[in-house]
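# Analysis of the macromolecular model
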Amino acid sequence: MLVSHRLRAVRPYPLCPVVEHRGAMVDQSKSGAGHWTSDASAPTMTAQWDPPSEPGGSNGSHDDRDAGRAGARRSPAGKTAKQLRTRYRREKELEAYQVELLKLQTHLEDTGLKMIVIFEGRDAAGKGGTIRRVTRYMNEKHYRVVALGKPTDEQRGQWYLQKYVTQFPRAGEMVLFDRSWYNRAMVEPVFGFCTEKEHEDFMRGVVGFEKDLSRQGTILVKLYFSVTKKEQQRRFDRRRDDPLRQWKLSEVDVQAQELWDDFTECKYEMLRRTHTNQTPWTVIRSRDKHRARLNAMRVILNAVDYSGRDPGLDFVPDPEIVVSGAHEVELMEAERIRGGKFRH
């Protein structure tokens with residue numbers, strides 16, 4: 001039985017349409033805050049408005065938070081010297097994988113292969129920050145970030161997947177979807193933006209659609225970022241308290257906590273019914289944002305057999321962070337048997 005809830009005076013999608021901008025698909029409702037501006041076009045905005053590590057957050061140490069509480073000397077941006085050093089170290093650790101991503105991108109260009117990476121997960125799970133790290137040094141002519149806005153009247157009358165298909169990569173290109181056609185598997189049924197029949201039709205048809213896509217030569221990587229309810233609430237609180245992040249907070253976020261169990265049920269059904277050997281889901285535990293970003297890069301790199309890999313670099317995903325969709329379903333079912341309900 002499909003459980004749906006009507007959103008309270010809130011739209012489910014960004015208010016403005018998505019437009020292409022220098023190698024990235026830019027959501028105009030966010031571009032003013034520097035959310036989707038690439039480093040090539042605005043390095044200052046990225047450095048100031050999107051810190052890769054969040055002081056006092058799950059990807060910061062308890063020592064960092066204690067230093068802040070103790071009134072440690074802070075930079076103009078409000079960070080202690082120790083937090084800035086930690087941030088620098090983490091960014092340097094990602095650089096080796098960002099170099100490999102450039103090699104992968106060159107391989108796609110040389111071979112004419114097409115690649116799609118979809119980023120799914122709850123609000124504040126770390127999808128956007130990971131996308132920014134993945135694309136930071138990429139050739140902007142050969143990748144796009146797509147975050148589709150509210151459907152137009154014309155799109156509502158079309159085949160549901162059509163608006164996504166029009167954004168698919170050309171030969172030699174990578175497209176990264178910040179939320180994808182799987183909106184119909186989670187967000188739309190929870191908030192009542194689709195009928196039960198529309199939801200069921202999607203769930204029955206999407207596996208065949210993706211298998212056809214794969215058979216025709218498109219590399220498809222499906223990432224689901226998993227965050228705990230407690231950590232999601234902490235991130236929402238930080239958005240509320242931080243003037244540079246308040247624009248991210250909406251009524252949707254508040255209801256995401258209230259409807260946690262409904263989203264969990266949809267997550268379970270989505271993974272159970274749409275994870276296949278040919279088009280698998282990879283779950284990224286994102287409580288620690290830095291480790292989630294690094295391991296997401298590893299998963300993307302391992303999806304393509306490109307030449308020139310650095311033999312000294314560790315490409316093996318951390319099993320504490322990366323879980324297959326099938327194993328996540330097993331873990332969720334075990335949780336339900338033990339406690340009578342899903343927890344994550």
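Analysis parameters
Residues numbered from 1 in each chain as written. Predicted model: local features only at pLDDT ≥ 70, side-chain atom pairs only at ≥ 80, totals over all residues. Heavy atoms only, no water. Helix = DSSP H or I, 4+ residues; strand = E, 2+ residues; numbered from the N terminus. Buried < 20%, exposed > 50% of the residue type's maximum accessible area, 1.4 Å probe, protein only. Contact = heavy atoms within 4.5 Å. Areas by Shrake-Rupley, 256 points an atom, 1.4 Å probe, with all protein chains shown as cover. Pairing = 2+ DSSP bridges. Axes fitted to C-alpha atoms, helices over the stretch in contact; angles between N-to-C directions. Core = buried A, V, L, I, M, F, W, Y, C linked by side-chain atoms within 4.5 Å.

On a plain count of helices and strands, the protein comes out with 14 helices and eight strands. Of all 344 residues assigned to the protein, the portion counted as buried reaches 53%. Pairs at least 24 residues apart make up 74% of the contacts formed inside the protein by residues separated by at least 6 positions. Working note: accessible area of the protein is about 16100 Å², and carbon and sulfur atoms make up 51% of it.

The next subject is the sheet that holds strand β7 (residues 281-285). What the six strands build is an open sheet, ordered β4-β5-β3-β6-β7-β8; its pairing is mixed. Strands with a single pairing partner mark the edges of an open sheet, and in this sheet they are β4 (143-146) and β8 (322-324). Neighbour-to-neighbour, the strand axes of the sheet open up by a mean angle of 20 degrees, direction not taken into account. Strand direction decides the pairing type here: strand β6 (residues 218-226) and β7, joined by five bridges, are parallel. Its bridge partner lying in β7, K222 is registered against W281.

Our focus in this paragraph is the nonpolar core. Inside soluble globular proteins, nonpolar side chains tend to come together where they are buried. If you look at the biggest cluster of nonpolar residues, it comprises 37 residues, and the most contacted ones within it are I116, F168, F177, W181, Y182, F202 and M270. Among the secondary structure elements, those contributing two or more residues to this core are β3 (114-121), β5 (174-178), α8 (187-191), α9 (196-215), β6, α12 (260-274), β7 and α14 (325-339). A total of six residues in this core trace back to one element, the largest contributor, which is α9. The contacts of W181, once residues within four sequence positions are left out, are I116, I118, Y160, L161, Y164, F168, F202, V206, F209, E210 and L220. Membership of the second largest hydrophobic core comes to 35 residues, among which are L101, M138, I284 and V299.

This part takes up unusual backbone geometry. Phi is positive for A124, which is not a glycine, with a value near 65 degrees. Considering the arrangement of structural elements, one finds A124 in the loop between β3 and α5 (127-135). We classify A124 as buried; its relative accessible area is 9%. Although it is not a glycine, R179 adopts a positive phi angle of roughly 70 degrees. Mapped onto the elements, R179 comes out in the loop between β5 and α8. R179 sits in the buried class, given a relative accessible area of 19%.

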